[in-house]
Structures are given as structure tokens and as C-alpha cells.
Amino acid sequence: MNRNQVRPQRRHATPGRIERVRRQAVPKPRVIIALLLLLGLVSVMLLDGYLRAEVGNDQRVRSDASASKVPDSVLDGGPFLSFEGGTARTRSVPDKTIVLTFDDGPDPEWTQKVLDILDDNDVPGTFFLVGSMISRYPDVVRRMVDDGNEVGIHTFTHVDLSYQSATRVTREIAQTQLALAGAAGITTTLFRAPYSSTNDAIDNYSWPVYKKLGAMGYTSVFIDTDSEDWQQPGASKIIKWATPKSGKGASVLFHDAGGNRAQTLEALPKYIKKMKAKGYTFTTVSGAQQQAQGQQAQSRQAQGQQAQAPQGTPGAAGSTRQSNPEQAAHRTADTATLWEGRALLGAVAVAEWTVPGLAAVLTVVGVAVLGRFAMMLVLARRHYRRRNRRRFSWGPAVTEPVSVIVPAYNEKECIANTLNSLADSTHPIEIVVVDDGSTDGTAEIAESLGLPNVRVIRQANAGKPAALNNGVRHARYDIVVMMDGDTVFEPDTVQRLVQPFGDPEVGAVAGNAKVGNRTTMIGAWQHIEYVMGFNLDRRMYDLLRCMPTIPGAIGAFRREAVLGVGGMSEDTLAEDTDITIALHRAGWRVVYAEHARAWTEAPASLGQLWRQRYRWSYGTMQALWKHRRSVIDRGPSGRFGRVGMPLVVLFQIVTPVFAPLIDVFTVYAMIFVDFKASLLAWLAVLLVQLVCAAYAFRLDRERYRYLLMLPLQQIAYRQLMYLVLIHSCVTAATGGRLRWQKLKRTGEVGTPAPGTGVR
């Protein structure tokens, strides 16, 4: 370093600087709220998917496996398997006794009808319940227990536990116990594995599961008689197959869920009456076990041995319900388990209402979006054909000079290009540059160009609306054109922009804003958005006479109209939308001049884009809220309030807010439901958007090559815009305030060639 050079001083971490860094590092509350909402939605969707066996679903079912490690006493034993004292023991149902067992419930329709049949015939049943179904229909379980029936666990998601890890097995049992506790205030010691049947179906893979559960105090319940009602063979065959032979006792399997159980309902009362007529009694698993234990005790006493009581209780401890021996497997849930279960049921209830509700809303949103696309195509075509007819005319040609107002704040990179483009105008104009307290020499650059008919007005920094109002006050002509300081016009832009004022009803004209810096990916994405979204929309709104926004980059106004509504308002951050709606309410017509093109410099980074669109979205909401009374007004104001405002709210706020949910649901469906079908649906929607975009590009005579970016735009850029809008909604809901934000400019958008523009 040269000795004469001054060494730069190191910046110290002053308290003010530390505070600024802290504010930047700590997320704002509205950001946290948005993230929490997203996390909550994903959690609810995953919970709902878990309940419907979409998330974590495992449909594998093991068969034909070896049983070499399973004791023969278990394979050939009775249907009740327990591990008293660590030793596997089985018990059979006593003779002339039937245990009615039902799998896969509860079901809000079929289980209720089965319970009615059991009540009518005064017999109990043992229901092996799926935890996810308990969570969804707790009232059915509550009635089941109150009616004196016994319940057991059938896992939470109905998976083959022989394929699952020890952790998954424990979770399946624990979650079902929680659901049962929340629904009926109890837990149970009974278990039946999904896809199980008789004891001889136990194999080397499922045997460790039964031993694990036995060590936890569970009794695994099998069957020795299967009605095979799931095959729906007819009531007579169901009764025949469910009938035990030679007066023996039986653990009989029926189903109260999992499909159409009409034949089961037809067969069940006939079966009960038939077996009662044969002298059979009906009981629960606990009732049958107690009978078997009593018989064993009598036998041991006769042999001089002491009877052993069963041992072990499941993890959810509690006291045995002694009031009904047929419900001896039930345990009163402790306080912690009870409240955890209720919390689970509450979460499930939220998911049960939220996800289908959102699905219904998204269906409406999807239909609305497709309807909007169709309406845009039809009206845009009609607009194009009407405005491009050879004989079309707004009225007498507008040839008198107009005032062009250029508000500028620190636009040193762009102001020269902007003013040079205006100097080439084919229409007589005066240029009023309003320097809004620039600190980079913008005013000096404007003056140094030496262009004719250019006036530079300096003011203290007061914001864009104040600068525009200042320019309107200093304008010499009846028509004023407003543009941004980073925008360039084609030579015939002003001439084409002001021709609609040949119609005395027209109070303002929106021009066709184009993205000049479209060579980057972000620029190309915005180019597609400008052509497809903004300009195609304006054609539709023009025909409907409810144009919501005149772009700040290019717009023309009758001076008397602007002054008549009080000028550019500082009430909102979207002064262009605010003034447009105000003009509608004042009775002026606002139209779109598609051939009046302006080339603007779009944000070049994601951060700048976020800040710009954040301000636009929030400002639009402010403007709509400010003019909300137009909905009940009469005349032109009421027309905008009842036509334009609902369209803007629906398609610029509501639909985009819910649109990310469509993507979330699509990703969810691709991962957990049906990848191929979901992908095809997404591609179909993309194709519709591609058709609309291609037509918009055709109307604007743009090159189609940029549409190659459309798929990536839908995946990345669109999500960013949705997040911006959601952020704006959260800001509005929390009462946040925004300030004007100055975007960094590069000045890369130059004056286009006459009549060609930038391609």
C-alpha cells in the first residue's frame, strides 16, 4: 500500500449496528406465523394420510413361511395365546360356547347395525379395532363399550406386523391404546394381528411379535371358525361356515367394516338364533377365558394343585373393571393416557375436517382457475379482433401535445435512457422530471442531456405519489402520461397511448408494459408473467369495463380526471391501483392500449423481486379495502365494485393464496397416493397454462422460445409469488406497515429500435 494512502478505518460494532444486525437475523413475527401455518398444514395432511393408510402404508402380507420355531403346543392349541410367567399357553373356548369376534372396525354404518343386532339378541361381542378408525369414529367405540361388548387392538394402520420393526410394532400398539383411551376412557389387554386366522398360521416371522406382545401382558386372539363373510358368499353359507362342529366351542370371525357387510347383517341374527336353539351361549374373549380358567382350576384342585392367575398388563396401566367379567380385559386409562388420547382424537378431528374441507375449496379454486383461463381466452380474442379492425377508431385523432411526467429517485443508471427514448417520440410532448430528493445526481444528469422540452423539478423526498402530484400540478397540457424513471418508450408509444382519449368517456389508458431485461432466468419468468398474466388480464378487464390497475410504467390520464379524484393518493402503497379504482368510481372509463409499449427494467434478483411484489400485493389489498364501499354503490362505481372487485379478490388474492395448497396436495399425492395419476394431472394443468401463454404470446407477437421456461416457472417462480402474497396477507392480518423500497437498477434496458422493441 502506498504510504500516502489513508488506511480505511475498521468499523466498530456500535449499538445501533448491532441492533440492525439483530433485526435482520431474527425472523419477523409474520414470517414465523406463515411458517407455522405451513407446518400445521403439512402436519394435518400427514396425519390425515396416516389415518387413511396413505402415509406409511405397508400392504405386504406374508404367507407360506416356515413355522419351525413355533412350539407345536401353540400351533395345535386353542385360539387364546398368552405368556403367563413367560411361558406360551393357549386356551380354547369351552364347549357349547361361542365368542363372536369382529374385525376391522369401527365403521359408522356397519358397526352400528351390528351393535343393534347384538342388543336385540342380548349377546355380547368382542371387537378388534383399528386405531385409525377409532380416532375417526370414537362415538361408535364409546357405545360399543357402554353396551357391554369387549374390545381389542387390531393395530393402528392394519399392517402385517411380521414385516415391521420393533419400534413400529410398539408404536402401532401404543397409538391404538391412546385412541381407545380417548374414545372410551379404557385400554385393553386383547390383541389380534391383521391378516391372522388360526393358530397354525403363526410362522417364524410373526412368532417374535407375539412373544413381544405377550411379555407386555397382551393376550393374542386367534380363531378356530371363520365365517368368511368377507367373500360375500351369501347369508346361508356364512351361517354354515360359522357353525362349529360336534358341539365344540368356537372363536368365530365376522367383519363389521372393510367393505359391504350387508350379507353379514343378514346372516348374523339368523346365526345367533340358530346357535341358541342348539343350546349354545355367547360370551366375550374374557368370559370364555374365565370359563376355561375355572375348568382348569377345578381340574387342578381335583389333582391337588394350586390354580395360577394370569399375569401381566399392558403399558397403559389401570384398574380392572370388575363390574362386568365379560370386559375383564379392559383397564381404566390413567390420567396421562386419557388426555393424550383426547389430544389425539382432537388432532384427528381437525384433520378430518380440514383436509376434506381444503380439498373441496381447492376443487372450487381449480374450477375457478380453469374458468378464468377460458374466459381470458374468449375475451382476449374478442378484444384483439375488435381493437384491430381496420375501421376501428376511438374518435377524432388526438394530436395535441401531452405532458409526460417522470418521477425519479436515485435513477442515475436509467434516467438518460428514459429521457432519450422520450426525445424520439413521434407525438409532441413536454417532459416533466420530478426529482424526489435524489442523492446520486439524477437531476443533474437529466439537465446535462440538453434535451428540448425537458423541465426538471426538484422536491424534498416525499415518495412517488407526491412526485406524481407535483408533476400533474406543473403539467401544461390536458393529457398527462405517467411512467417510471427506469422505463423506456418506443417512438410511437405516446401517440398510440393517447389515441383512446378521442372518446370523451375515457379518463385513463393503460399501456403494454414489457420486460426489457429478459435474458436472465428471473427476467424470462417475469416476461412470461407480464405477457400472460398482466396483459392478457387487461384485455379481459377492458371488455368488462373494470380495469383494476394502470401500470406505473406506462399510463395516460386526463388531467382533470386525476385532479377530480384528488390526485395520486398516499393512502396505499399501490397508488396506480388506487387511482384506477377511484377513476372508475368517478364515472370515467379506463381502457387498454395494447400497441403502446413500454420497456421496463424488472427486478434482477430474488430479493428485489420479493420486495417489489410484496409491496404490490400489500398495496393492492389496501386499495381494495379503501374502496370496499363500491360494492354497494350504484352506477359506474357499483359496476366496478360488483364486477371488477370480486374478480380481483378472487383471482389476485384468494386463488393465489390457495394455489400453493394445490401444489402441496399434488406433491403429497405423488409421494403417497398415485405418482403417475398425479403427475398426469399436473401435466394436464400445465398444458392448459401453456395454451393460454402461447395465445398471449401470439397476440403480443412475442417469440415462443421463452415458453420453454414455463414448466420451471410453475415449479419455482410461481411458488415465490404465492409466498409473497401469503406474506402480504399475514402482514395485513397482523396490522403491519410497509414503507417504499428502492430497487437497485442497472440501466441495461436501452432505447428500442423504432417499431421493433426488444425480442
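Parameters and conventions
Residues numbered from 1 in each chain as written. Predicted model: local features only at pLDDT ≥ 70, side-chain atom pairs only at ≥ 80, totals over all residues. Heavy atoms only, no water. Helix = DSSP H or I, 4+ residues; strand = E, 2+ residues; numbered from the N terminus. Buried < 20%, exposed > 50% of the residue type's maximum accessible area, 1.4 Å probe, protein only. Contact = heavy atoms within 4.5 Å. Areas by Shrake-Rupley, 256 points an atom, 1.4 Å probe, with all protein chains shown as cover. Pairing = 2+ DSSP bridges. Axes fitted to C-alpha atoms, helices over the stretch in contact; angles between N-to-C directions. Parallel < 35°, antiparallel > 145°, perpendicular 65-115°, else oblique. Left-handed = near helix turned anticlockwise from the far one by under 90°. Nonpolar A, V, L, I, M, F, W, Y, C, P; charged D, E, K, R; others polar. Phe/Tyr/Trp six-rings, centres within 6.5 Å; stacked < 30°, edge-to-face > 60°. Patch = residues over 30% accessible without salt bridge, like charges linked within 9 Å, V, L, I, M, F, W, Y side chains within 5 Å. Salt bridge = Lys/Arg side-chain N within 4 Å of Asp/Glu carboxyl O. Lys, Arg positive; Asp, Glu negative; His and termini not counted. Charge placed at Lys NZ, Arg CZ, Asp CG, Glu CD. Expected span 1.5 Å × (residues − 1). Bend = angle between axes of the 7 residues up to and from the residue. Polar contact = N/O pair within 3.5 Å; in protein donor to acceptor, adjacent residues only side chain to side chain. Core = buried A, V, L, I, M, F, W, Y, C linked by side-chain atoms within 4.5 Å. pLDDT = per-residue confidence, 0-100.

Glancing now at the overall build of the chain. Tallying secondary structure elements over the chain gives 23 helices and 20 strands in all. By residue count, 53% of the 759 residues in the chain fall in the buried class. Taking contacts inside the chain between residues at least 6 apart in sequence as the whole, the part at least 24 apart equals 80%. Summed over its atoms, the accessible surface of the chain is roughly 34,400 Å², and 55% of this surface lies on carbon and sulfur atoms.

Here we take up unusual backbone geometry. A cis amide bond, omega 0 degrees, links Gly 105 with the succeeding residue Pro 106. With respect to the element layout, Pro 106 can be found in the loop between strand 3 (97–105) and helix 4 (110–121). Phi angles above zero are rare outside glycine, and Lys 96 is one such case at about 60 degrees. We classify Lys 96 as partly exposed; its relative accessible area is 36%. Within the chain, Arg 545 stands out as a residue other than glycine whose phi angle is a positive 60 degrees. Looking at the secondary structure, you find Arg 545 in the loop between helix 17 (521–544) and strand 19 (555–558).

Bringing the sheet that holds strand 16 (residues 479–482) into the picture now. Taken in spatial order, the 8 strands make up an open sheet running 15-14-13-16-19-18-20-17, and their pairing is mixed. In the strand order of this sheet, the two ends are held by strand 15 (454–459) and strand 17 (487–489), each with one partner. Pairs of neighbouring strands in the sheet enclose a mean axial angle of 30 degrees, with direction left out of account. Examined bridge by bridge, strand 18 (residues 506–515) and strand 20 (residues 589–600) share 8 bridges and lie parallel to one another. Note that in strand 20 the partner of Ala 513 across the bridge is Ala 598.

Attention now moves to the packing of helix 19 (residues 575–585) against helix 20 (residues 606–626). Two numbers describe how helix 19 lies on helix 20: the axes approach to 9 Å, and their chain directions differ by 25 degrees. If you check the angle between helix 19 and helix 20, you find them roughly parallel. For helix 19 against helix 20, the interelement crossing comes out right-handed. Contacts between helix 19 and helix 20 pair Thr 577, Asp 578, Ile 581 and Arg 585 from the former with Thr 620, Ala 623, Leu 624 and Lys 626 from the latter. Here the contact of helix 19 with helix 20 is composed, by residue class, of 3 nonpolar, 2 polar and 3 charged.

Right, let's get into the packing of aromatic side chains. Within the structure shown, the criterion is met by 7 aromatic pairs. Ring geometry for Phe 83 and Trp 207: centres 5.7 Å apart, planes at 45 degrees, overall tilted. Taken together, the residues Phe 83 in strand 1 (residues 80–84) and Trp 207 in helix 8 (residues 207–215) connect sequence positions 124 residues apart. By relative accessible area, which is 13% here, Phe 83 ends up buried. By the ring-pair criterion, three or more aromatic residues cluster together here, those being Phe 102, Phe 127, Phe 254 and Tyr 271.

Turning our attention to a positive patch on the surface. A cluster of basic side chains, namely Arg 382, Arg 386, Arg 389, Arg 545 and Arg 639, defines a positive patch on the protein surface. Counting through the fold element by element, Arg 386 comes out in helix 12 (residues 335–387).

Moving on, we get to helix 17. The end-to-end C-alpha separation of helix 17 is 34 Å, in line with the 34 Å expected for 24 residues at 1.5 Å each. Most pronounced at Tyr 530, the bend in helix 17 amounts to some 30 degrees. Where burial is concerned, most of helix 17 is hidden: 21 out of the 24 residues are buried. Among the residues trailing helix 17, Arg 545 stands out with phi positive, at a value near 60 degrees.

Taken together, the side chains of Met 521, Leu 712 and Ile 715 present a nonpolar region at the surface, about 270 Å² in accessible area. For Leu 712, the location among the structural elements is in helix 23 (residues 710–733). Note on Leu 712: relative accessible area 36%, which makes it partly exposed.

You can see Thr 337 is positioned in helix 12. Here Thr 337 falls in the buried class, since its relative accessible area comes to 11%. A distance of 2.7 Å separates a polar atom in the side chain of Thr 337 from a polar atom in the side chain of Asp 334.

Let us look at the nonpolar core. Formed by 57 residues in total, the largest nonpolar core has its most connected members in Met 482, Tyr 541, Phe 557 and Leu 583. Examining the composition of this core, we find that 8 residues originate from one element, helix 17, more than from any other. Here Tyr 541 is in contact with Cys 546, Met 547, Pro 548, Leu 647, Val 648 and Gln 652, once residues within four sequence places are set aside. The next biggest cluster of nonpolar side chains, apart from the first, holds 52 residues, and it includes Ile 98, Leu 129, Val 252 and Leu 265.

This next bit is on the pairing of strand 18. Counting buried residues in strand 18 gives 10 out of 10 residues, a clear majority hidden from the surface. For strand 18 and strand 19, the ladder comprises 3 bridges, and the chain directions are antiparallel. Directly across from Val 509, in strand 19, lies its bridge partner Ala 556.

In a pair of packed helices, the angle between the axes and the distance between the axes together describe the arrangement. Relative to each other, helix 4 and helix 10 (residues 262–277) sit at 15 degrees, their axes nearing to 10 Å. Between helix 4 and helix 10, the crossing angle belongs to the class labelled roughly parallel. At the point where helix 4 passes helix 10, the crossing takes the right-handed sense. The residues of helix 10 that touch helix 4, namely those facing Trp 110, Lys 113, Val 114, Ile 117, Leu 118 and Asn 121, are Ala 262, Leu 265, Leu 268, Pro 269, Ile 272, Lys 273 and Lys 276.

This part covers the pairing of strand 3. The element strand 3 is largely enclosed, with a buried count of 9 among its 9 residues. Pairing of strand 3 with strand 11 (residues 281–283) involves 3 bridges; the strand directions are parallel. By the bridge assignment for strand 11, Ile 98 is matched with Phe 282. With 6 bridges joining them, strand 3 and strand 10 (residues 250–255) adopt parallel strand pairing. Across the sheet, the residue bridging to Asp 103 is His 255, located in strand 10. Strand direction decides the pairing type here: strand 3 and strand 4 (residues 126–129), joined by 4 bridges, are parallel. Counted as the bridge partner of Gly 105 is Leu 129 from strand 4.

Glancing now at the confidence of the model for the chain. For the chain, the mean per-residue pLDDT works out to 85, and 86% of the residues sit at or above 70. Within the chain, the element-level pLDDT minimum falls on helix 1 (residues 15–25), averaging 45, and the maximum on strand 16, averaging 97. Considering only residues more than four positions removed or in separate chains, one finds that residues 309–319, a stretch of pLDDT under 50, has 26 contacts. The low-confidence segment residues 753–759, where pLDDT is below 50, has 19 contacts with residues more than four positions distant or belonging to other chains.

Glancing now at the environment of Asn 535. The topology assignment puts Asn 535 in helix 17. It is 9.7 Å that separates the C-alpha atoms of Asn 535 and Ala 510, two residues lying 25 residues apart in sequence. Once residues lying within four places of it in the same chain are set aside, the contact partners of Asn 535 are Asn 512, Ala 513, Lys 514, Tyr 530, Tyr 592 and Asp 700.

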